[in-house]
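What follows is the residue order along each chain.
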Amino acid sequence: MQRGASHRALPWQSAATHLALGGFGLLMAFPFLWMLLTALKTGAEAAAFPPTFLPAQPQWGNYAAAWSSAPFGQHFLNSALVATSVTVLVMLTALLAGYAFGQLEFPGKAVLFTLYLATMMIPFEVVLIPNYLLVQRLGWYDRYWAMILPWGANVFSVFLLTQFFRSLPKDFYEAAQLDGGGHWQYLWSVAAPLARPALATAGLFAFLGSWNSLLWPLIVTQTESIQPIEVGLQVFTQQEDVNPHLLMAASSLAMVPVLGIFFATQRTFIEGVAAGVKG
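The present account deals with the structure reproduced in this document. (Residues numbered from 1 in each chain as written. Predicted model: local features only at pLDDT ≥ 70, side-chain atom pairs only at ≥ 80, totals over all residues. Heavy atoms only, no water.)

1. So, the overall build of the chain
If you tally the helices and strands in the chain, you get 15 helices and 0 strands. Radius of gyration (C-alpha) of the chain: 24 Å, far over the 19 Å computed for a compact globule of 279 residues. A principal-axis box enclosing the C-alpha atoms of the chain has dimensions of 80 × 70 × 35 Å. Long-range pairs, those at least 24 residues apart, make up 74% of the contacts in the chain with a sequence separation of at least 6. Working note: accessible area of the chain is about 16,600 Å², and carbon and sulfur atoms make up 69% of it. In the chain, 11 positive and 12 negative side-chain charges are present, and the distance between their average locations comes to 15 Å. (Helix = DSSP H or I, 4+ residues; strand = E, 2+ residues; numbered from the N terminus. Rg over C-alpha atoms; globule rule 2.2 N^0.38 Å. Contact = heavy atoms within 4.5 Å. Areas by Shrake-Rupley, 256 points an atom, 1.4 Å probe, with all protein chains shown as cover. Lys, Arg positive; Asp, Glu negative; His and termini not counted. Charge placed at Lys NZ, Arg CZ, Asp CG, Glu CD.)

Below, the structure written as structure tokens:
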């Protein structure tokens with residue numbers, strides 16, 4: 001009887017689980033939904049208190065007005081250039097460092113890897129001024145290099161690739177040795193293709209972080225023609241009159257490439273995270 005009662009309770013448990021997950025999902029999606037709805041309001045509606053949830057009449061022209069408020073076409077190209085360059089560098093450095101930590105044996109590897117991971121605990125604000133001074137002395141201020149090269153290596157990406165390479169059987173490399181291949185040939189011919197899910201995950205995180213970066217590009221650039229989209233959005237908050245409806249419209253446009261890349265690589269992203277956790 002007790003066993004039958006527990007079986008009858010399963011549908012209720014499943015319904016409660018789905019209801020709770022759906023509630024949390026709506027809670028997480030609410031800021032995004034609010035942004036989209038605010039982008040369709042008039043300036044008076046967006047600034048009204050208490051705030052209104054739905055626009056009285058959708059203002060689709062807000063997107064055109066927001067686009068024409070600044071050279072957002074150039075800002076999009078700048079963000080694409082910087083984010084793509086950072087992503088390529090992060091994937092390359094993570095592949096090489098992850099292979100070294102995950103497959104090779106050398107003195108002090110454990111200590112070096114631990115110290116490397118410990119740098120994740122250093123707040124960005126601590127290294128902000130030293131990095132800025134270094135960029136200035138290298139002559140990179142107000143150049144694309146200042147937004148790309150300092151972020152060409154990522155601790156999390158190295159950790160993710162290290163965990164993946166640790167999960168690879170040693171038999172793979174021994175088989176490559178029998179065929180006359182060394183570490184370089186094994187890495188590019190065998191290990192790297194197997195690591196594509198983990199690499200895609202590292203690349204996606206790098207792209208998102210670079211695309212959404214605001215503070216660093218704002219500090220190291222002053223020429224509008226090389227500034228990324230996140231800096232360009234400041235045009236709506238630096239004027240005497242703040243235009244939240246136009247800001248939300250421009251922010252919605254800025255999210256389109258990110259959402260497209262995420263949905264295109266969603267399956268590979270999940271596989272990469274699972275591979276890193278298993279490793």
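2. Observations regarding the packing of aromatic side chains
As enumerated under the stated definition, the model contains 19 aromatic pairs in all. Taken together, the ring pairs connect W67, F72, F76, F207 and W211 into an aromatic cluster. Geometry around W34 places K41 over its ring, the cationic atom sitting 4.4 Å from the centre. (Phe/Tyr/Trp six-rings, centres within 6.5 Å; stacked < 30°, edge-to-face > 60°. Lys NZ or Arg CZ within 6 Å of the ring centre and 35° of its normal.)

3. Some words on helix α11 (residues 196-211)
One full turn of an α-helix is made of 3.6 residues, so residues set three or four places apart face in the same direction. Its 16 residues place the ends of α11 22 Å apart at the C-alpha level, agreeing with the 22 Å of an ideal helix rising 1.5 Å per residue. Those residues of α11 lying buried are P197, A198, L199, T201, A202, G203, L204, A206, F207, S210 and W211. (Expected span 1.5 Å × (residues − 1). Buried < 20%, exposed > 50% of the residue type's maximum accessible area, 1.4 Å probe, protein only.)

4. Describing helix α6 (residues 124-137)
With 14 residues, α6 should cover 20 Å at 1.5 Å per step; its first-to-last C-alpha distance of 20 Å lies within 8% of that length. Largest kink in α6: about 25°, centred on P130. Trailing α6 by a residue or two, G139 shows a phi angle of about 75°, which is positive. (Bend = angle between axes of the 7 residues up to and from the residue.)

5. Considerations on the side chain of S252
Summarising the element assignment, S252 is placed in helix α14 (residues 244-264). Here the side chain of S252 touches M248 through a polar contact of 2.8 Å, landing on its backbone oxygen. Not counting chain neighbours up to four residues away, the residues in contact with S252 comprise M35, L36, A39 and Y63. (Polar contact = N/O pair within 3.5 Å; in protein donor to acceptor, adjacent residues only side chain to side chain.)

6. Structural notes on the side chain of S157
Among the secondary structure elements, S157 is positioned in helix α8 (residues 155-166). S157 sits in the buried class, given a relative accessible area of 2%. Contacts of S157, omitting those with residues within four sequence positions, involve V90, A94 and A202.

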